[in-house]
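Coordinates in review
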Amino acid sequence: MNKDSKIYVAGHRGMVGSAIWRALTAKGYTNLIGRTSAELDLKNQQAVKDFFNNEKPEVVFDAAARVGGILANSEYPYQFLMENLQIQNNLIDTAHIAEVKKFIFLGSSCIYPKLAPQPLREEYLLTGSLEPTNEWYALAKISGVKACEAIRKQFGKDFVSLMPTNLYGSHDNFDLKTSHVLPAMIRKFHEAKLNDNESVELWGSGTPLREFLHVEDMADAAVFALENKMPENLYNIGTGKDLTIKKLAELIQKVVGHKGDIIWDVSKPDGTPRKLMNIDKMKNAGWESSIELEEGIKLTYHWFLESTNDYKQVKY
Ligand SMILES: NC(=O)c1ccc[n+]([C@@H]2O[C@H](COP(=O)([O-])OP(=O)(O)OC[C@H]3O[C@@H](n4cnc5c(N)ncnc54)[C@H](OP(=O)(O)O)[C@@H]3O)[C@@H](O)[C@H]2O)c1
Ligand SMILES: C[C@@H]1O[C@H](OP(=O)(O)OP(=O)(O)OC[C@H]2O[C@@H](n3cnc4c(=O)[nH]c(N)nc43)[C@H](O)[C@@H]2O)[C@@H](O)[C@H](O)[C@@H]1O
């Protein structure tokens, strides 16, 4: 790929898409294009075809999706299945027909079976039943992985599927109902600290384990996949380390400086007990993460404070 290759970042305003955009810019790529969902609704197949005919991108990063945490996934199954199928099918099929040279699809670690052996290896895909709270989103993502695999197998094209673990960082969604756990905890502990260190209510038992990758590392992995010939379709993108939600809460409470109690609302779902990914394939390909969790949380909290309350809150 040349530095002036035309690169389309679908979802370029999102947490991941904006990080990929910044990483590409920092590495000297000068011909980036993006469209907001208001400018180009990726659920609209004809609009996507017209866009590709007009713009003719050589590379596509698919960082556009209906995204949310455990509650959003379990409360809006239809949107998480159907919107993500529509978005990715339009992008993948149109990119294939338009002879896009490189397509990088972003899936999620939730594609793996709920009770597969840990750490999760790429070959565990489709070997067992999914986690019920996000099986609709997971099915959409699995379809995207398989579509890219079919294009590689049948047409020999450079379509790659990256499976990120739980991501966090600047430009995340901080809505307390639809967000993921890490941004929700940052906001909850921050607001409680300002309210005389009142107690903080968190969801579930705190016992599940989660792996967290900073979004700048995710973007670095995505650019690595662009600049390197990836011999296979499916790659886990993670840190290889996890911790309990309880430990995460204690870490974020320390970084934010909250001094009150934590109350666990066990009426809320825990979700999958663990989803630590094996990261050997990316390591062998030459990529590893670099931002440690405590440092990443400090960077994210700093960005949250700088955002002076105009952070994103995705409402359904
Ligand atoms: N966040 C995580 O923990 C995580 C973990 C694993 C994988 N991922 C994957 O990473 C990718 C990006 O996630 P994210 O966290 O960056 O999500 P995000 O911040 O919500 O960004 C998603 C982007 O998708 C765009 N989008 C959604 N529906 C669209 C539509 N109908 N037409 C056009 N654009 C649309 C939005 O564009 P507008 O802003 O213009 O509306 C938004 O910028 C997704 O594929 C997600 O599955 C995320
Ligand atoms: C990467 C994403 O992982 C997602 O699963 P998943 O990690 O359980 O999604 P999260 O919403 O990040 O929840 C992770 C864990 O944190 C607990 N938790 C505690 N307090 C909170 C809170 O205030 N907000 C939230 N959101 N969680 C909280 C939650 O019960 C769950 O056990 C999938 O639903 C997505 O589709 C995607 O795959």
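Above this text you will find the structure in question.
None of these values were measured; they are calculated from a predicted model. (Residues numbered from 1 in each chain as written. Chains lettered and ligands numbered in written order. Predicted model: local features only at pLDDT ≥ 70, side-chain atom pairs only at ≥ 80, totals over all residues. Heavy atoms only, no water.)

1. Topic: the environment of lysine 229
Positionally, lysine 229 belongs in the loop between helix H7 (215-227) and strand E10 (234-237). Look at lysine 229 and you get exposed, because its relative accessible area is 64%. (Helix = DSSP H or I, 4+ residues; strand = E, 2+ residues; numbered from the N terminus. Buried < 20%, exposed > 50% of the residue type's maximum accessible area, 1.4 Å probe, protein only.)

2. Re the sheet that holds strand E4 (residues 102-106)
Read across the sheet, 6 strands follow the order E2-E1-E3-E4-E5-E10 without closing on themselves; strand pairing throughout is parallel. In the strand order of this sheet, the two ends are held by strand E2 (32-33) and E10, each with one partner. Each of E4, strand E5 (158-164) and E10 is contacted by helix H5 (residues 135-155), which is oriented at about 155 degrees to E5, the strand it contacts most. (Pairing = 2+ DSSP bridges. Contact = heavy atoms within 4.5 Å. Axes fitted to C-alpha atoms, helices over the stretch in contact; angles between N-to-C directions.)

3. Description of the pairing of E10
Residues Leu234 and Asn236 of E10 are buried on one face, and the alternating residues Tyr235 and Ile237, pointing to the opposite face, are buried as well. As defined by bridge partners, E5 adjoins E10 across 4 bridges and the pair is classed as parallel. Across the sheet, residue methionine 163 finds its bridge partner in E10, namely asparagine 236.

4. Comments concerning the side chain of asparagine 233
Along the chain, the position of asparagine 233 falls in the loop between H7 and E10. Owing to a relative accessible area of 9%, asparagine 233 belongs among the buried residues under this scheme. Engagement of the side chain of asparagine 233 in a polar contact is seen with the backbone oxygen of valine 145, the distance being 3.2 Å. Each residue touching asparagine 233, except ones within four places of it in the same chain, is listed here: Val145, Cys148, Glu149, Arg152, Phe159, Val160 and Ser161. (Polar contact = N/O pair within 3.5 Å; in protein donor to acceptor, adjacent residues only side chain to side chain.)

5. Observations concerning the packing of aromatic side chains
Each pair of aromatic rings is reported with the distance of its centres and the angle of its planes. Scanning all chains against the criterion turns up 12 aromatic pairs. Relative to phenylalanine 304, the ring of tyrosine 301 lies with its centre 6.5 Å away and its plane at 20 degrees, an arrangement referred to as stacked. Residue tyrosine 301 and its partner phenylalanine 304 are located together in helix H10 (residues 293-306), separated by 3 residues, close to a single helical turn. The same class applies to tyrosine 301 and to phenylalanine 304, which are both buried. Within the aromatic cluster, the residues linked to one another by ring pairs are Phe174, Tyr301, Trp303, Phe304 and Tyr311. The ring of tyrosine 235 has lysine 281 lying over it, and the distance from NZ or CZ to the ring centre is 4.7 Å. (Phe/Tyr/Trp six-rings, centres within 6.5 Å; stacked < 30°, edge-to-face > 60°. Lys NZ or Arg CZ within 6 Å of the ring centre and 35° of its normal.)

6. Examining helix H4 (residues 77-97)
A rise of 1.5 Å per residue sets the reference length of H4, with its 21 residues, at 30 Å; its end C-alpha atoms lie 30 Å apart and thus fit the reference within 8%. Those residues of H4 lying buried are Phe80, Glu83, Asn84, Leu85, Ile87, Gln88, Asn90, Leu91, Ile92, Thr94, Ala95 and His96. Phi turns positive, to about 60 degrees, at glutamate 99, one or two residues after H4. (Expected span 1.5 Å × (residues − 1).)

Everything listed here is a matter of geometry and, on its own, says nothing about what the molecule does.
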